[in-house]
Amino acid sequence: MPKIGNACLLGICFTALAVSPIAAQAPPGAFVNFEGAQTNPVRISADGTRLFAVNTPNGTLSVFDLTQASAPKLIKEIPVGIEPVSVNINPGVAGNDEAWVVNQMSNSVSVVSVSKGIVTDTIYAKAEPSDLVFTPNGLAWVSVSRSNLVNAYNTTTHILFKSIALVGEEPRAMAVSKDGSTVYTAFALCGNHSTIVPATLAPPQPLPGTLPGGNPNLPPPPQVGLIVDASDPAWTSVIQYTMPDNDVAAINASTQAVTYYSHLGTINLGLAVSPRSGNLYVANMDALNLVNFENVLNGHIVNHRITVVNPATGSAQATDLNPNINYSVLPNPAALATALAMPTAIIFDSTGRYIYVAAFGTDRVGIFDTNTSTVTSFIEIDPEATGSTVNSVSKRGPRGLALNVSAKILYTLNRLSNTIS
C-alpha cells in the first residue's frame with residue numbers, strides 16, 4: 001500500500017501519496033533513469049471522480065478514485081510506454097474511460113482503456129512527443145518537441161490527419177482556446193532574440209580592474225565573442241540575418257494555419273487559457289543574457305514570470321513573480337522565504353481570477369491574482385522545509401497541477417519525489 005500523509009496549508013488540504021512503491025524498492029542500478037521532461041503529467045476527469053497521473057520512471061499510468069477527494073485511492077496501474085510525460089482524457093469517450101498518454105522516450109502515444117486496464121492502440125510520433133490536447137472537431141493534437149512539429153490525429157481512427165512544421169525550438173506545453181478553435185503550444189527553448197558577434201569583430205573585454213569587484217592584478221582577458229540583441233542597430237553591419245523569437249504557436253484547428261506570439265519568455269514551460277477572458281497565460285523564465293559578467297549579474301541570471309497574451313491583438317504583458325527581491329543583497333534569507341522559482345505548470349481556478357503556479361525550484365505553489373497581477377500567497381509543498389532552504393532529501397519538485405473544483409482540492413504531481421500532494 002502507498003504511504004499517505006495529510007497536511008492543511010492556507011485552507012487547502014493536501015495528501016502526499018507515493019505513486020511508485022515498486023520502483024522505490026528496486027535495487028540500485030536496476031533501472032536506467034532517462035529523466036523524461038514531464039509537461040502535463042496529471043489530469044482530473046471532468047466529473048471529478050478520477051485522477052490520472054503518469055508514473056514516469058515506472059512506465060505506467062496511475063488511476064485514482066476520488067470518492068474521498070482528500071485521500072485518492074489507487075485503483076489501477078496500467079503499463080504504457082517508456083518515460084510517459086503527459087496525460088489527457090478523451091472527451092469523446094463516455095465515462096472517462098479513454099486516456100491518451102504521451103511517452104517521450106518511446107516516441108509514442110498510448111491510447112488506454114481504463115476499464116480494461118490495457119493499451120488499445122499505440123500511435124507513433126517521432127521524435128520526443130511532449131503533450132496532447134483535444135479539440136471539438138475530433139482531433140487530438142500532439143506536440144513533437146525534438147522534431148519541432150505538432151501532429152493532429154483523428155480521435156476515432158487514430159490516423160495522422162496532418163503534421164504541422166513549426167518555427168521554434170521544442171514545442172511542449174499545449175492548451176486550447178475557450179471556443180476550441182485554436183491550439184496553442186509553447187516553445188520550451190525559444191531563446192530571446194539574442195545572437196553572438198564573433199570574437200574577431202567583438203570589442204575587447206574590459207580590464208579586470210575596471211569592473212565592480214575586479215582584481216586589477218589580473219592580466220588582460222582574452223578576446224571573445226559578445227552576446228547582443230539581434231535587432232541592436234549598433235551591430236547591423238555584422239548581423240545580416242534575421243533571428244526569430246517565436247515563443248508560442250497558435251494553430252487554427254480548422255485550417256491548421258499558424259501564427260506566432262513573440263517576446264514572452266526565454267524558457268516557456270506552462271500554458272493556461274483564462275475561462276473568463278480567453279487570454280493566454282504563459283509560465284516562463286526570461287534570461288538576462290544581455291547583461292555581461294557574473295559580478296554584475298550577482299547570481300541574478302533569469303526572471304521568473306507569468307506573461308499574459310491577448311489573442312485578439314497579440315499584445316503581451318509580463319509580470320515578475322518576485323518583484324520585491326533585492327538581488328544586490330547576498331545572502332538574502334528574506335528572499336528565500338518568499339521566492340517562486342522555475343514556474344512550470346499553471347492552472348486556473350473556476351472563477352478565472354486566480355492561477356495556481358507550480359514553482360518547481362522553490363517547492364511551492366504560488367497563488368496569482370490576475371486582477372492585480374500579483375502573487376497573493378503560496379503553499380509549501382514540502383511542509384518540513386521552507387522553499388529554497390528545503391532539504392535536498394525531502395524536496396518534492398511540483399511539476400503538474402490538477403484542480404478538483406467541487407471538493408476545493410488542488411493536486412500536484414511532484415517530479416523529484418515521484419509523489420502526489
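Residues numbered from 1 in each chain as written. Predicted model: local features only at pLDDT ≥ 70, side-chain atom pairs only at ≥ 80, totals over all residues. Heavy atoms only, no water.

Visitor: Could you clarify how one ought to interpret the side chain of Thr362 in this entry?
Guide: The residue Thr362 is located in the loop between strand S26 (354-359) and strand S27 (364-369) in this model. Judged by relative accessible area, Thr362 falls into the buried class, the value being 2%. A polar contact of 3.0 Å, which involves the side chain of Thr362, links it to the backbone nitrogen of Ala341. (Helix = DSSP H or I, 4+ residues; strand = E, 2+ residues; numbered from the N terminus. Buried < 20%, exposed > 50% of the residue type's maximum accessible area, 1.4 Å probe, protein only. Polar contact = N/O pair within 3.5 Å; in protein donor to acceptor, adjacent residues only side chain to side chain.)

Visitor: Where do I start with the layout of surface pockets in this structure?
Guide: Regions of empty space are outlined by a rolling probe, equal in size to a water molecule, passed over the atoms. Of the voids in this model, the largest pocket is the one considered here, and its volume is about 1200 Å³. Lining the largest pocket are 37 residues, and of these Arg43, Ile44, Ala46, Asn88 and Ile347 lie nearest its centre. Mapped by element, the contributors of at least two residues to the lining of the largest pocket are strand S3 (42-44), strand S7 (84-89), strand S11 (129-135), strand S15 (171-176), strand S21 (267-273), strand S25 (343-348) and strand S29 (398-404). Split into classes, the residues belonging to the lining of the largest pocket amount to 23 nonpolar, 10 polar and four charged. (1 Å grid on protein atoms, 1.4 Å probe; cavity = no way out; pocket = protein on both sides within 12 Å on 5 of 7 lines; lining within 4 Å. Points joined across faces, edges and corners; volume = space filled by probe spheres on them. Nonpolar A, V, L, I, M, F, W, Y, C, P; charged D, E, K, R; others polar.)

Visitor: How should I be thinking about the sheet that holds S11 in this particular structure?
Guide: Sheets are built from strands that pair by backbone hydrogen bonding, the pairs being arranged parallel or antiparallel. Spatial ordering of the open sheet is given by S11-S12-S13-S14, a layout of four strands whose pairing is antiparallel. Only two strands of the sheet have a single partner each, and these edge strands are S11 and strand S14 (160-165). Here the average twist between neighbouring strands, direction ignored, is 20°. Sheet topology note: the S11/strand S12 (residues 139-144) ladder contains six bridges and is antiparallel. Bridging from a neighbouring strand, Leu132 pairs with Val142 of S12. (Pairing = 2+ DSSP bridges. Axes fitted to C-alpha atoms, helices over the stretch in contact; angles between N-to-C directions.)

Visitor: When you look at the confidence of the model for the chain in this model, what are you seeing that I'm missing?
Guide: Note that predicted coordinates carrying low pLDDT should not be read in detail. Overall, the prediction assigns the chain a mean pLDDT of 89, with 90% of residues at 70 or greater. Segment residues 1-26 is flagged for pLDDT under 50; beyond a separation of four residues in sequence, or across chains, it makes 58 contacts in the model. (pLDDT = per-residue confidence, 0-100. Contact = heavy atoms within 4.5 Å.)

Visitor: What should I look at first to understand empty space enclosed by the protein in this one?
Guide: Evaluation of the coordinates by the stated rule reveals one cavity of 30 Å³ or more. In this structure, the largest cavity spans a volume of roughly 30 Å³. Around the largest cavity, the lining residues are Thr39, Asn40, Ala173, Leu269, Gly270, Leu271, Ala345 and Ile346. Those elements that provide at least two residues to the lining of the largest cavity are S21 and S25. The element best represented in the lining of the largest cavity is S21, accounting for three residues. Classifying every residue of the lining of the largest cavity gives five nonpolar, three polar and no charged.

Visitor: How should the pairing of S29 be read in this particular structure?
Guide: In terms of residue burial, S29 counts as a mostly covered element, since seven of its seven residues are buried. Adjacent in sequence and paired antiparallel, S29 and strand S30 (residues 409-414) are bridged by four residues, among which Lys408 carries a positive phi angle near 55°.

Visitor: Is there a simple way to explain the environment of Asn148 in this structure?
Guide: If you trace the backbone, Asn148 turns up in the loop between S12 and strand S13 (149-154). Residue Asn148 is classed as buried on the basis of its relative accessible area of 15%. As a C-alpha pair, Asn148 and Ile164 span 16 residues in sequence and 8.7 Å in three-dimensional space. Discounting chain neighbours no more than four positions away, the residues touching Asn148 are Ile164, Ala165, Leu166, Gly168, Glu169, Glu170 and Pro171.

Visitor: What is the right way to read unusual backbone geometry from this model?
Guide: Most peptide bonds are trans, and most residues other than glycine sit at a negative phi. Of note, the bond from Lys126 into Ala127 is cis; its omega dihedral lies within 30 degrees of zero at -5°. Looking at the secondary structure, you find Ala127 in the loop between strand S10 (118-124) and S11. Between Leu330 and Pro331 the backbone carries a cis peptide bond, its omega angle lying at -5°. Note on placement: Pro331 falls in the loop between strand S24 (316-320) and helix H3 (333-338). At Glu128, a position not held by glycine, the phi torsion is positive, near 60°. Residue classification places Glu128 among the partly exposed residues on the basis of a relative accessible area of 22%. In the Ramachandran plot, Ser373 falls in the positive-phi region, its phi being about 55° despite a non-glycine side chain. Positionally, Ser373 belongs in the loop between S27 and strand S28 (374-380). Given a relative accessible area of 33%, Ser373 falls into the partly exposed group.

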